[in-house]
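Remarks on the overall topology
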Amino acid sequence: MDTLKSLSSIFEHRIIRIPDYQRGYAWQEHQLNDFWEDLIHLSPERVHYTGVLTLEPVAPEYWQRWESDLWIIEGKGYKPFYIVDGQQRLTTSVILIQAILESVPADTELNFQSLAEIRQQYILHSAPTGIRQSYLFGYEKDNPSDEFLRTGIFLEKSASNSDDQTFYTRNLAKAKKFFEEKLAALSPKEVAEIYKKLTQKFKFNLYEIDAEIDVFVTFETMNNRGKPLSNLELLKNRLIYLSTLFPADSGSSELRNNINFTWKTIYEYLGRNPDKLLSDEDFLRNHWIMYYKFTRQTGDDYKNYLLDEKFTVQNVTHPKNSGDQLTVEEVNHYVMSLQHAVKPWFYMHNPSYPLKDYNDETTQKLVDRLVRLGYKSFKPLVLAAFCRGIGFEEINTLLKAVERYIFTIFTLSRRRGHTGDSNFLSKSRDYLNNKISTEGIVNDLNNWVERHFSANKFLEYIVENYEVGRHGFYHWDGVRYFLFEYEQALKAKGKQSTSKLNWNEFTSRLKDHVTLEHIYPQTDTDPYWVSKFGHLDNQQRILLTHSLGNLLPLSRSKNSSLQNDAFALKKNNGVGVGYYNGSISENEVNTKVDWTPLEIKERGITLLNFMEKRWGITLSDEVFKEKLLHVHSIPFSVAVEEEEVIA
C-alpha cells in the first residue's frame, strides 16, 4: 500500500529497524541544511512532501530473536519493520526529535505533549512497570551505529561500554550537533513550531512492500535520493543477498555474520582517524587489484568486475561456465581477505597512529616516508606485503626498495607516472599468494632503477625550471622531501632523539610565511649581501639564489619580510630567532662564518653526495654536479678577492 503519512502516523504501533544490508548514516552538512531549511520555511498551513519511505515487514523467524522487544511486539501488538528506502531521512527526523527534547526545559509541553510522552512515542517505549524497554527506531543489534545511536544520540546507558567509532557514527554525532546549534538560536515557541511541523507537516510516501518482493534487489535498484551508495556499500548488500541463495546447511548463516562483522571492521578503520578519513572506494579498488587482477581500464573496472561479473546471482544459481560457480567458501575467503586487509591499509596511511601488533620502529619510519613521498601505483603491492603474514624485517626490505624506486624514477629521473605500474600492479596478486618472493620483487624493483634512473633527465628538468621561471631547485617538487630526509639523516648521525623539523609544518602554505628558506635572499639589497654577491650579474645571482645548496628547511614558519636580513641576523637576530635554535640543518648552516657563492656550492655538493649514498645511485663527477647545481659558471675567485679588499 502507499499513502502520505506524517511521522506521528509512521511511529504508531511500529517498531522500525535498519537491516544489516543497509549502510549507516551518510548525510553530511549539505543534506542537513536542506532538511532544516525545508522545516524553517514551511508555512504552518501547508504540508511538505519529504520523500519515499519503504518498509518491509520483518519475518517472525527474525523478530523472534529480538528478545528485548518481544514484549512490545507480542504483548502490545507493535509490528516490526525493516527500512528498505528512506532511512537517511527517517534517521535525521529521529535525531532532530531527540535534539528538540534536550533543547527545552523538562516541564515543557510541545503540541500538547509532555517530553516524556514524546520520548515514549518516538524514542524509547517503556512498560508501566518493570524494566522492559524497547527502542522504537534503531539498527539491528551488534552494529556500532546502533550502540552509538542509543548512547551518543539518545543518551541512554549501555552495559556493553563499546566505543567503536566509524564513518557512520561520526555522521550521527555531527547531525545531532548541527541540530543542537540550530535549536539553540530559537525561542521555546519556535522550537515547538519546529516539532509540530516535523511530526505533523512533513509527509512521507509510505510503502509497505510485499514479502514476495526481493528486498535486496529492490534496495539495489532504488533511486538513493539522499546520497548515492558507494560501491563498497553496494557490494555488502550484494554479498548478503547471495548468502541467502546458498543452502541453509552450507554455512550461509556464518557467511552473513562474517560479512556484517567485516563491514563493521572496515568502516571502523576507514574512519578511525577523524583527521584523515580514508576513502572506501580507494580501499576496495586497491584490494581488488591485489586479490583479483589489474587491468588498464579506468574508472569503474573494479565495480563492474565485482558486481557485474563475479558476485552475481547467476554465478550462484546457474553459472554459464562451471568455473564461474560461486561457493560459500569462495565468497567467505574474499570477505575475510577484506577484513584482514583493512587494518594494514589504515596503518599504510597512519603509521604514527597506535595500533596493536604494528610497533616496529623501522617499519613505521619507512611507511611514513611513503606517506610523505606518495605511493604512486604501489599500494596493492605494499598491502600484499602486510597481508602475506611475513615478519616486519622482510616487509622493510620491500618498503625500502619501493621508496627508492619512486624517488629515483619519478622524483629524480622525471619518468612518466605509469612507468612500471603494469608490471608491479600485476605482480601484487602473485606476491600475495606467495608465488613470488619478497626477494624476487625487491630484485625486480632494483633492476628497474638500474635501467631507468637517469641523472641527465634530472639535469634537464632543473635546467628547464630555470628557463621557464620556475626558480630551479626551489620549484623542484621533491625538494622538501629530499631536505627532510637529509634532516633525518643528520638526526640519526648525531643520535638525537628529537628534531624540530615537523613535516606538516614544513609543507604548509601559510600566507606571508616561509618554511623553505633562501639563505642568500631573493631581495639582496642589504649591504652584507651586496658585499658578497655584488660582483655577479643578475643571472648568476638568480642561479645561486635557487641552487640546492642555498635552500634550507626552517623549523617554524617565519614571516617572509624577515628573510632578507644579513647572514649574522639570520643566524641569530638577538630576540630568540635564528638558525642557532632551529632545525639540525639550520644548526649546521649556523656554524658558517659567512655565506658566499662558495658556501652555496660546497653545501650543494654535500647534499648531492648525500643523495647518492642515501638512494644508492651515481650522479656523475663533480663537474656534472656543479652543472646540476648551476654553479659551474660562477666566478668564486672574484668574490674572494673582493672580500680581501673589504677586509
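Residues numbered from 1 in each chain as written. Predicted model: local features only at pLDDT ≥ 70, side-chain atom pairs only at ≥ 80, totals over all residues. Heavy atoms only, no water.

**As for the overall build of the chain**
To be explicit about the condition: Note on conventions: DSSP H or I runs of at least 4 residues are helices, E runs of at least 2 residues are strands, and numbering of each starts at the N terminus. Between two residues, a contact is recorded if the distance between any of their heavy atoms is within 4.5 Å. The method behind every accessible area is Shrake-Rupley, applied with a 1.4 Å probe, and residues are considered shielded solely by the protein chains displayed.
The number of helices and strands found in the chain is 31 helices and 12 strands. With the C-alpha coordinates of the chain rotated into their principal frame, the extents come out at 105 × 70 × 40 Å. For the chain, contacts bridging at least 24 residues in sequence account for 74% of all contacts bridging at least 6. Entry remark: accessible area of the chain is about 29,600 Å², with carbon and sulfur atoms responsible for 48%.

**Quick look at the environment of Asn564**
Put simply, the rule is: In this scheme, a residue with accessible area under 20% of its type's maximum is buried, one over 50% is exposed, and one in between is partly exposed, where area comes from a 1.4 Å probe on protein chains only.
Mapped onto the secondary structure, Asn564 falls in the loop between strand 12 (551-559) and helix 27 (567-571). For Asn564, a relative accessible area of 29% gives the class partly exposed. Residues Asn564 and Pro521, 43 residues apart in the sequence, show an inter-C-alpha distance of 5.4 Å. If we skip the residues at most four places from it in the chain, Asn564 touches Pro521, Thr523, Asp526 and Trp529.

**Quick notes on helix 9 (residues 188-201)**
The line we're drawing: To estimate how far a helix should reach, multiply one less than its number of residues by 1.5 Å.
Between its first and last C-alpha, helix 9 extends 19 Å over 14 residues, near the 20 Å set by a 1.5 Å rise per residue. Burial in helix 9 covers these residues: Val191, Ile194, Tyr195, Lys197, Leu198 and Thr199.

**Describing the nonpolar core**
One recurring pattern in soluble globular proteins is that nonpolar side chains are buried together. Test applied: Buried Ala, Val, Leu, Ile, Met, Phe, Trp, Tyr and Cys residues form a nonpolar core when they are joined through side-chain atoms within 4.5 Å.
With 137 residues, the main nonpolar core has Leu270, Leu306, Phe311, Tyr334, Trp476, Phe482 and Met611 as its most contacted residues. In contact with Leu306, not counting residues within four places along its chain, are Leu235, Leu284, Trp288, Tyr292, Phe311 and Tyr334.

**Some points on the pattern of salt bridges**
Note that side chains of opposite charge can pair when their charged atoms are close. Let me state the cut-off plainly: Whenever Lys or Arg places a side-chain nitrogen within 4 Å of a carboxyl oxygen from Asp or Glu, that contact is recorded as a salt bridge.
Overall, the coordinates contain 23 salt bridges when judged by the stated rule. The salt bridge involving Asp69 is made with Arg17; its shortest N-O contact spans 3.3 Å. Highlighted residues: Asp69 in the loop between helix 3 (60-63) and helix 4 (70-75) and Arg17 in strand 2 (residues 14-18), separated in sequence by 52 residues. Summarising the burial analysis for this pair, Asp69 and Arg17 share the class buried. Sharing partners across several salt bridges, the network here consists of Asp368, Arg369, Arg372, Glu403, Glu485 and Arg614.

**What to know about the packing of aromatic side chains**
Selection rule: Aromatic pairs are defined between Phe, Tyr and Trp rings, using the six-membered ring for Trp, whenever the two ring centres lie within 6.5 Å; interplanar angles under 30 degrees are classed as stacked, those over 60 as edge-to-face, and all others as tilted.
For the coordinates displayed, the defined rule picks out 49 aromatic pairs. Relative to Tyr334, the ring of Tyr292 lies with its centre 5.5 Å away and its plane at 35 degrees, an arrangement referred to as tilted. Of this pair, Tyr292 sits in the loop between helix 13 (280-291) and helix 14 (301-310) while Tyr334 sits in helix 16 (residues 328-349), and the two are 42 residues apart along the sequence. Judged by relative accessible area, Tyr334 falls into the buried class, the value being 0%.

**Focus: the pairing of strand 4 (residues 79-85)**
Filter applied, for reference: DSSP-based pairing: two strands are paired if at least 2 bridges between them are found.
Counting buried positions over the seven residues of strand 4 gives six, a clear majority of the element. In terms of strand pairing, strand 2 meets strand 4 through four bridges, oriented parallel. From the neighbouring strand, Ile15 faces strand 4, where its bridge partner is Pro80. Sheet topology places strand 3 (residues 48-57) next to strand 4; four bridges connect them, and they run antiparallel.

**Considering helix 20 (residues 421-432)**
Residues that lie three or four places apart on an α-helix share one face, since the helix turns once every 3.6 residues. Applied cut-off: Throughout, the arc means the angular range of directions from the helix axis out to the C-beta atoms.
Helix length check: helix 20 (12 residues) gives 17 Å between terminal C-alpha atoms against 16 Å at 1.5 Å per residue, within 8%. Among all positions of helix 20, only Asp421, Phe424, Leu425, Ser428, Tyr431 and Leu432 are buried. Angular distribution of buried residues about the axis of helix 20 spans 115 degrees; they occupy a single face of the element. Packing partners of the buried residues in helix 20 comprise helix 13, helix 18 (379-387), helix 19 (392-412) and helix 21 (438-452). Immediately downstream of helix 20, the backbone of Asn434 shows phi near 65 degrees, a positive value.

**Some thoughts on the side chain of Asp524**
For the record, the criterion: Polar contact criterion, stated in full: a pair of N or O atoms within 3.5 Å, where within protein one must be able to donate a hydrogen and the other to accept it, and residues adjacent in sequence count only if both atoms are side-chain atoms.
Within the secondary structure, Asp524 is located in the loop between strand 11 (513-518) and helix 25 (527-533). Among the polar contacts listed, one links the side chain of Asp524 to the side chain of Tyr520, at a separation of 2.5 Å. In terms of polar contacts, Asp524 uses its side chain to reach the side chain of Arg541, at 3.4 Å. Non-local contacts of Asp524, meaning those with residues more than four positions away in its chain, are made with Trp529, Val530 and Arg541.

**Looking at unusual backbone geometry**
Located in the positive-phi region is Asp357, a residue other than glycine, with phi close to 75 degrees. Relative to the helices and strands, Asp357 is located in the loop between helix 16 and helix 17 (361-373). Judged by its relative accessible area of 51%, Asp357 is exposed. Here Ser620, not a glycine, exhibits a phi torsion of approximately 150 degrees, which is positive. With respect to the helices and strands, the residue Ser620 is situated in the loop between helix 29 (597-615) and helix 30 (622-629).

**As for the packing of helix 19 against helix 21**
Put simply, the test is: A fitted line through C-alpha atoms represents every axis, and for helices the fit uses only the stretch in contact; the resulting angles, taken between N-to-C directions, go from 0 to 180 degrees. For this classification, under 35 degrees means roughly parallel, over 145 means roughly antiparallel, 65 to 115 means roughly perpendicular, and everything else is oblique. Crossings are sorted by hand: turned counterclockwise from the far helix by less than a right angle, the near helix makes the crossing left-handed, and turned clockwise it makes it right-handed. For this classification, Asp, Glu, Lys and Arg are treated as charged, while Ala, Val, Leu, Ile, Met, Phe, Trp, Tyr, Cys and Pro are nonpolar and the rest, including Gly, are polar.
It is at 9 Å that the axes of helix 19 and helix 21 come closest, and there the two elements cross at 15 degrees. Considering their axes alone, helix 19 and helix 21 lie roughly parallel with respect to each other. Read as a crossing pair, helix 19 and helix 21 show a hand that is left-handed. Packed against helix 19, whose contacting residues are Glu394, Thr397, Leu398, Ala401, Val402, Arg404, Tyr405, Thr408 and Ile409, the element helix 21 presents Thr438, Ile441, Val442, Leu445, Asn446, Trp448, Val449, Glu450 and His452 at the interface. Of the residues contributing to the contact of helix 19 with helix 21, the split by class is 10 nonpolar, five polar and three charged.

**Let's talk about the packing of helix 2 (residues 29-40) against helix 8 (residues 167-184)**
Following both chains from N to C, one finds helix 2 and helix 8 inclined at 40 degrees, their axes separated by 11 Å at the closest point. Relative to helix 8, helix 2 is oriented oblique. Here helix 2 and helix 8 pass one another in a crossing that is right-handed. Only Ala175, Phe178, Phe179, Lys182 and Leu183 of helix 8 make contact with helix 2, whose side of the interface consists of Glu29, Leu32, Asn33, Phe35 and Trp36. For the contact of helix 2 with helix 8, the class distribution of residues is seven nonpolar, one polar and two charged.

**Points about the confidence of the model for the chain**
Where we set the bar: The pLDDT value expresses, per residue, how confident the predictor is, ranging between 0 and 100.
Overall, the prediction assigns the chain a mean pLDDT of 89, with 91% of residues at 70 or greater. Taken together, the stretch residues 638-647 has pLDDT below 50 and engages in eight contacts with residues farther than four places along the chain or on a different chain.

**Side note on the side chain of Thr199**
Considering the arrangement of structural elements, one finds Thr199 in helix 9. Thr199 has contacts with Ser6, Leu7, Ser8, Ile97 and Tyr122, leaving out every residue within four places of it along the chain.

**A few points about the environment of Phe294**
Following the sequence through the fold, Phe294 ends up in the loop between helix 13 and helix 14. Measuring from C-alpha to C-alpha, the distance between Phe294 and Leu398 comes to 20 Å, with 104 residues separating the pair along the chain.

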